[in-house]
Structures are given as C-alpha cells and as structure tokens.
Number of protein chains: 2
Amino acid sequence: MVYVAIMGHGVVGSGVAEVLRKNAESIARKAGEGIEVRRILDLREFPDLPYADCFTKDFEEIVNDPDIRIVVETMGGLNPAYAFVKRCLEAGKSVVTSNKELVAAKGDELLALARKNNLNFLFEASVGGGIPILRPIDQCLAANEVYEIAGILNGTTNFMLTRMIEDGMSFEDALALAQQLGYAERDPSADIEGHDACRKICILASLAFGKHVYPAEVYTEGITKITSEDVRTAAAADSVIKLIGRAVLQEDGRLYATVAPTVISKSSLLSDVNDVFNGIMVRGDAIGDVVFYGRGAGKLPTASAVVADVIDEVKHLKARKYLFWEGGYEGYVIPHEEGTVQMLVRVADTADAAAKIAALGNVQMVEGDGVPAGDIAFITPVMTEAALDAALLASGLTVKSRLRVAQL
Amino acid sequence: MVYVAIMGHGVVGSGVAEVLRKNAESIARKAGEGIEVRRILDLREFPDLPYADCFTKDFEEIVNDPDIRIVVETMGGLNPAYAFVKRCLEAGKSVVTSNKELVAAKGDELLALARKNNLNFLFEASVGGGIPILRPIDQCLAANEVYEIAGILNGTTNFMLTRMIEDGMSFEDALALAQQLGYAERDPSADIEGHDACRKICILASLAFGKHVYPAEVYTEGITKITSEDVRTAAAADSVIKLIGRAVLQEDGRLYATVAPTVISKSSLLSDVNDVFNGIMVRGDAIGDVVFYGRGAGKLPTASAVVADVIDEVKHLKARKYLFWEGGYEGYVIPHEEGTVQMLVRVADTADAAAKIAALGNVQMVEGDGVPAGDIAFITPVMTEAALDAALLASGLTVKSRLRVAQL
C-alpha cells in the first residue's frame, strides 16, 4: 500500500479523492500496489465525507509523515503551493500537481530539486485538463525535432468565441453566458486576458524545447477587444478567430512565443475545436502535425490526469522519470516585434484606401460576405511585426482592427 | 552506446535507420546514451548507402550478437517476423515492431515472453503511424475506466471515402486515384476489405481492455459496397460515412468489436478527419472523450514512432515497462448479431413503404436533399442486430442498403 496526501480539497482535489476511491481496484491493478489517501490538507471541514478523518489543517502533519510517499498539490496559486511543494520534495516525497501557475513560474527549479533527490515531479493535469499531452510530447515524440506547438488552451474563452462565431453574440453577452453557466469566474480576467493560456504555453514550450519559458516573456493578448465585426471579417476570409497559444522554434535556437486571438482557416482541424474543448497541435520534422483534442478542464477529466500521474509515480518510486527541462536564459524568448507575422487588417474604406493598401506589397484582399459596410479587409504579407507596424503607420490607413493569422 | 539491429529495410525500416542517423545527437540526449545501428537484415543489397556495411542476410548474426540489446522488426507479415521476434526475446533482446499483423495475432504471447525475460516489447507504430496512442491509453488514461475506443484507422480507405464525399467520386474512381497516388497497393484488399483496420482495433482493444482480441473474432466489413447513393443519403442525414473500427465494453465485461463503414454526424470531430489522416477517440468515465489525430502512415511518421520506442527501451534496459495484456478467452468478444446497433436504411419507395417503415417502431425519417429519387431513407431504433435483421426481413421492405450509425 502506498500512502498519498492531497493538499487542497477544491474541485480538482476532491475529484482526485473520489477517483482514487471509486476506481481503487483497477487503479491498484494498474499501479501494481494499492493507493490510499492518508491526509487531506484543507482549512475547511467536511464532516459528512466518508474520509472525513483524513483532513488536517496542518501541513507539518503531511511533510513529517514518513509513510506518505506521494503528495498531490491541487491548491492552485503560487503561495503557499510553491513553499509546500518544495518542502515535500526536500522531505523525499514525490509530487503531482495540477497547478499551472506553479509549474509555469517554478517548473525548472522544482524539476531540478526532484532530480537531485531522485524523486518525481509530474503535472500532466496542468495543461489540457484530462488530455494526455505532456507525456506524448516527452516520450512519443522523442524521435522528432519538434519545431512548433500551438493550441487552444483555455476552454472559457473558446466557449465565448464559439458563441460569438456561431450565434453572432457580442463579447459582453458571451461573457455573461459563460459566467451564468459556471465556465467563467466572477473575475474572469485570468481567462479573457490570456494569462491562463500563457501559463499553459509556457509549460508546453518548456517541455518541448527543453528550456524554461517564463510567463512574463510571452507576449499575451486576450480576447477582450474582439468584436462581432472581427468575427464576421474572419468568416469572410473563410476563417475563424481562436485564442491561440503558440511557440515556434527559430533557426538560431531561440523561441517565438505568443498568446493572441488568431485567425485560422476553417480547413484547420483546430478550427473545429469548439465550446469548452481544447486542442493542441504538435509539429515535428518526422511526425508532421499531430493534434490532441478533449475537454480541457472539469473536475473528473483533470482529476483523472492527476491520478494517472500518481499511478505513474507509484510505478516509479525507485526510478526517476525523465521528464525534465533546464532554466531559461535572458534573450531566449525573442521580443515579439522581431517575430514574423501575417495579419488580417480591417481599415476604413476611404477614397484612397485601395492605393494605400496596394503600397503595402503583396496583400490578399478579403472579398467574402461579412466585411462590415464602410470597411475593407486584407491579409498582409509575412514580415516582422515591427516592420508591419511601421508600414501600417506609414500607410496613413485608418486601421480599425488587426489580428494575427497563422497556418495551423 | 547501445547497439540495435533493424530487420527489414523497406519503407519503415529505412526510415528508422535515417531518423537514428539524422537526429543522432538529440536522440542520444533524450535516451541518455548514444544509439547505433549495428546490423540491418535484408535480402536485398544497398551498396550505395553510407551504412552499407551493416547489412546482413543472416538472422543468426543478429540473434547471436550479444552486443545487440534491441531489435527493430519492420519486415511486416507474420512469417518469418513471428519466429524472429520470438527468438530475439528468448535471446534476451528487447524488441520494437511496427508490424500490426504480428501484434494483432501474437501480441499476448510475445508480451508474456517479454515479461518472463524482463524485457520490453513495444509497438507504438503499429497503430496510427506516428500518432502517439498506445502510451496515452496505457499510462495517461490509467485512472479511467475506458469503455469505448473508436477510430478511423486506415488512411487509404479514408482518402477514398473523402473523395467520394467531397468530389462525388465512385468507389472505383476513388480506388484508381488512391492507387495512382501510391496510397493503395496494387492488391488493395487488406485496406478496402477492412483487414488493416481490424488488426489495429484488435491492438487498441487488447491494450485498453486488458485481454487479447484476435482479428478473426471481430466482425469486419470493408468499404467495397459503398456507393455514391449511400454517400448522398448520409449527407441528407447531416452525416458522413467513415470506416470505423470500434470496441465497446459490455456491462457483463465482454466486448463488442466491429470494423464497418459507419454513418457519423458531421458534428463529430471524427467526421473532420479527412484524406489519409487517422483519428482515434478514447472514451473514459472520468476523462470524457479524447481524440488523437494525425498522419496514420508514411515513412517518417511511422519511423519516428519506432525510434521513440527504441529510445524508451534504451531508458528502460533494466526496468520493464508495464504495457501488457492477457490472452483472450472464448466468448470474450460477443457475436456481432448480439450487439446493439442503429442503422441508416435506404429502401425502395413503394406504395406501402411508409406503412411498413412505421411498423418498425420509432424511426427517424431522413428528409434532406440527397436521398436518391425513388428511395426512402430512415434511421432505425437502437436494437440488437439480430432483431433488426429479423424486423427488416419481416417488414417486406425492399432494402437497398443498410449502414451502421454511431454516436461518436
């Protein structure tokens, strides 16, 4: 029997406790040993639960219990999660976490600490909820040179954009609906400003390219400025707008990483990832494009990913898993202005607009239904964002909106 | 340095040799040790290759070389692959194979032999080419009770069906085009009769449900009888026809497994898996639906999956991986007539057809454009296939075609 502790009995933590109890028999078969929850850390009390006597408010009871070999951290947030996880690893306990904020900020340090102590630190649930994505990147794609990862990483904003695209809703109405359905929190900024997606692309890029990418280095733009006019203009270009987190390896070994509303063709498989679903595309030299798709959040999918990590740690109590990345370095992530982009631009249809647009070079005009009356839309050539900004400024065009375009 | 041998220098085997050479540095980093091809078994000679001196026509040179720790089998077919792989495992060498025929027929036996000798037997490339699917099922979904697996498992037939759906091609024209493009072999029967898809669903189901499923137990129907009329009738039901391999766990622990052209809604993500791509859906109690999508064949994707397995075996030279399933038992796979189905049925529009259809119970009529003139189409209630057959026979309807419908 392997004893585990769970820190945080919220949505995910209570799901982990539930899955471990409900599927105990098949889990024991798969892990090769029974797994039992010995302690649950939470400030609240749950006297009616069958495992009510497991609860403690005192972290020391967990970290000082030599029988607890694995600790699950589902508290969320950086503090005290970071300090607690660090102390658990120092105390010789392997850790599983679903906490994307923690991994995106401190993954390199905690992985190094786990390696030093011959322990495991796993966090499959931190990206894509229940979608298996970190292991496939780490193991199955081992023979590939992965050069790009891009994905729809936040279910809340994807739900909102889907409603804007399919039902013509405004941003405000879509947000109100998402809040009403419980998909968005009362303070929705982590979702709609792109911070949640940013943490996830940081984790994916760190693992895929081997060096830590810190959230502050990633240009992050949310969906708050997306209007119905933008949605219809994208449709006129046979495309949809999705909030895409993306990391592209540059020829010099540095990384271009962004989170931004992005125009993608309807022929892209990611364009069909709707509602609260997530989809993640991995591009490698040998494998081509591989897409992983599923429910990116939710109690049971996320809990099942956490439990799968726990099972894996039980199987590897004596042998470390290879999942690892190094610290980043200053300048590893290039300034976004230096990255090459292509934009879908909508401008006022003034008398001289056509001539000004032509002066930008080889643009594709967007002719389909949906471009608002009084506007013209076009897709720019591929160039650095700095050059594009300068060209648009110099053109004298009245730019109403500009959105990244990506071939995904 | 770990020495490997490759048996079979065809499309996949030569790809493996290429990837191991081309990405040698990053592979060594990921594996923790360098990997070198020491011997390649092939009856042909390749004097111009840089590694021409590795070739041998004599299997004994491989099996008797104590320095060779890992053998890659990419010969295909059951014989002599089965005998060779068995002898390699008996000689203490771990094996990686891409050979779906071998794994579908002998997986349980070879896994048991590998376990007995504390070796690894891995075969990620045998299903879905480069798409990571076996590991995610085995590891990441460990905390789930998986109850269904369904997928588009054969790229050749999916290419043909896509041409029939999108371009209105006939079956014959689509086959000719697939052959012209090199997607179908001159003898295409393994693809179009469903045998290839059958082997793959056997492997997926064996792994997911823990007991070997043998190809002969799986009801297998190819796409040779699919007509343009069927395609248009499915479109009228807002659906498409895909060749679906499917395994569904029954309440009594037995399995329903089929390969058949299947009508699936256009809202299913699998409906957007087009051309030579594969898509595999895994359904679990906690995780919900997860879909894996990518190129299901091709030299480099498949080779990259083989090399990923080789890397994994290098990392686990002393510790066995847990991938395993038991032998099957008689009666484990239920007769397909006992499984519950729903069918899209097209009948001649005779004077009394409407009354006869109504007598079948709660049917959904298919009213959309596309049902051929002179025909009526409807979707039956869900019932066992035996009961449905009997009901259709008793109805006196002139049945022109009947296709399985699945909610995927």
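No experiment lies behind these values; they were computed from the predicted model shown.

Rules behind the numbers
- Residues numbered from 1 in each chain as written.
- Chains lettered and ligands numbered in written order.
- Predicted model: local features only at pLDDT ≥ 70, side-chain atom pairs only at ≥ 80, totals over all residues.
- Heavy atoms only, no water.
- Buried < 20%, exposed > 50% of the residue type's maximum accessible area, 1.4 Å probe, protein only.
- Helix = DSSP H or I, 4+ residues; strand = E, 2+ residues; numbered from the N terminus.
- Pairing = 2+ DSSP bridges.
- Least-squares fit on C-alpha atoms with pLDDT ≥ 70 in both.
- Contact = heavy atoms within 4.5 Å.
- pLDDT = per-residue confidence, 0-100.
- Axes fitted to C-alpha atoms, helices over the stretch in contact; angles between N-to-C directions.
- Parallel < 35°, antiparallel > 145°, perpendicular 65-115°, else oblique.
- Left-handed = near helix turned anticlockwise from the far one by under 90°.
- Nonpolar A, V, L, I, M, F, W, Y, C, P; charged D, E, K, R; others polar.
- Core = buried A, V, L, I, M, F, W, Y, C linked by side-chain atoms within 4.5 Å.
- Arc of directions from axis to C-beta.
- Phe/Tyr/Trp six-rings, centres within 6.5 Å; stacked < 30°, edge-to-face > 60°.
- Lys NZ or Arg CZ within 6 Å of the ring centre and 35° of its normal.

Caption draft 1: Looking closely at the pairing of strand β1 (residues 2–7) of chain A. All names here are of chain A. Extensive coverage of β1 is indicated by the burial of 5 of its 6 residues. Relative to strand β2 (residues 35–41), β1 runs parallel, the two sharing 6 bridges. By the bridge assignment, alanine 5 is partnered in β2 with arginine 39. Inspection of the sheet shows β1 paired to strand β4 (residues 68–73) by 5 bridges, in the parallel sense. Following the sheet pairing, isoleucine 6 is matched in β4 by valine 72.

Caption draft 2: Region of the structure containing the relation of the copies chain B and chain A. With an axial shift of 0.0 Å and an RMSD of 0.0 Å, the rotation relating chain B to chain A amounts to 180 degrees. Here the two chains are linked by the operation of a two-fold rotation axis. Within chain B, the C-alpha atom positioned nearest to the axis of rotation is that of phenylalanine 292 of chain B, 2.5 Å from it. When the interface residues of chain B are mapped onto chain A, 100% of them again lie at the interface, so the same face is used by both copies.

Caption draft 3: Structural detail: the confidence of the model for chain A. Confidence in the prediction for chain A averages 94 pLDDT; 99% of positions are at 70 or higher. Quick note on the complex model: pTM equals 0.86, ipTM equals 0.77.

Caption draft 4: Summary view of unusual backbone geometry. Residues asparagine 79 of chain A and proline 80 of chain A are joined by a peptide bond in cis, for which omega reads 10 degrees. Tracing the sequence through the fold places proline 80 of chain A in the loop between β4 and α4 (81–90). Of note, aspartate 238 of chain B is a non-glycine position whose phi angle comes to about 55 degrees, a positive value. Positive phi outside glycine occurs at aspartate 275 of chain B, with the angle close to 55 degrees.

Caption draft 5: Representation of the sheet that holds strand β3 (residues 55–56) of chain A. Residue and element names in this part refer to chain A. The strand order across the open sheet built from 6 strands is β3-β2-β1-β4-β5-β6, with neighbouring strands paired in parallel fashion. Here the strands that pair on one side only, and so sit at the sheet edges, are β3 and β6 (121–122). Summarising the sheet, strand β5 (residues 94–97) and β6 pair through 2 bridges and their orientation is parallel. By the bridge assignment, valine 96 is partnered in β6 with leucine 122. The strands touched by helix α1 (residues 11–22) are β1 and β2; relative to β1, the strand with the most contacts, the crossing angle is about 155 degrees.

Caption draft 6: View of the packing of helix α7 (residues 155–167) of chain A against helix α8 (residues 171–180) of chain A. Residues and elements named next belong to chain A. Between α7 and α8, the shortest axis-to-axis distance is 9 Å and the interhelical angle comes to 130 degrees. Judged by the angle between their axes, α7 and α8 are oblique. Taken as a pair, α7 and α8 cross one another with a handedness that is right-handed. Touching Phe159, Met160, Arg163 and Met164 of α7 are Phe171, Ala174, Leu175, Leu177 and Ala178, all from α8. Across the contact of α7 with α8, the residue classes break down as 8 nonpolar, no polar and 1 charged.

Caption draft 7: Quick peek at the nonpolar core. Judged by nonpolar contacts, the single largest core of 169 residues is most densely connected at Leu204 of chain A together with Leu204 of chain B. Once residues lying within four places of it in the same chain are set aside, the contact partners of leucine 204 of chain B are Val127, Ile133, Leu134, Ile137, Ile149, Leu153 and Ile280 of chain B.

Caption draft 8: Examining the sheet that holds strand β4 (residues 68–73) of chain B more closely. Pairing is parallel in the open sheet, where 6 strands are placed in the order β3-β2-β1-β4-β5-β6 (chain B). Here the strands that pair on one side only, and so sit at the sheet edges, are β3 (55–56) and β6 (121–122) of chain B.

Caption draft 9: Region of the structure containing helix α14 (residues 385–395) of chain B. Residues and elements named next belong to chain B. Inspection of α14 places Glu385, Leu388, Leu392 and Ser395 among the buried residues, and these make up the whole buried set. Seen from one end, α14 has its buried residues packed into an arc of 90 degrees, which puts them on one side. Pointing more than 90 degrees away from the buried face of α14 are the exposed residues Leu393 and Ala394. Immediately downstream of α14, the backbone of glycine 396 shows phi near 80 degrees, a positive value.

Caption draft 10: Spotlight on the environment of asparagine 117 of chain B. All names here are of chain B. Its location among the elements puts asparagine 117 in the loop between α5 (100–116) and β6. On the basis of relative accessible area, asparagine 117 is assigned to the partly exposed category, the value being 28%. Spatially, the C-alpha atom of asparagine 117 lies 20 Å from that of histidine 212, the residues being 95 residues apart in sequence. Ignoring anything within four residues of it in the chain, the contact list for asparagine 117 reads Leu89 and Glu90.

Caption draft 11: The arrangement of the packing of aromatic side chains in detail. Scanning all chains against the criterion turns up 17 aromatic pairs over all chains. With centroids separated by 6.1 Å and ring planes inclined at 15 degrees, the aromatic side chains of tyrosine 51 of chain B and phenylalanine 55 of chain B adopt a geometry described as stacked. In this pair, the class of tyrosine 51 of chain B matches that of phenylalanine 55 of chain B, namely buried. Seen from their ring centres, phenylalanine 159 of chain B and tyrosine 183 of chain B are 4.9 Å apart, and the 70 degrees between their planes marks the pair as edge-to-face. With a gap of 24 residues between them, phenylalanine 159 of chain B in helix α7 (residues 155–167) and tyrosine 183 of chain B in the loop between α8 (171–180) and α9 (189–192) connect regions that are remote in the sequence. Assessed through its relative accessible area of 36%, tyrosine 183 of chain B is described here as partly exposed. Three or more aromatic residues joined by ring pairs make a cluster, and in this case those are Phe46, Tyr51 and Phe55 of chain A. The ring of tyrosine 3 of chain A carries the charged tip of arginine 38 of chain A above its face, separated from the ring centre by 4.7 Å.

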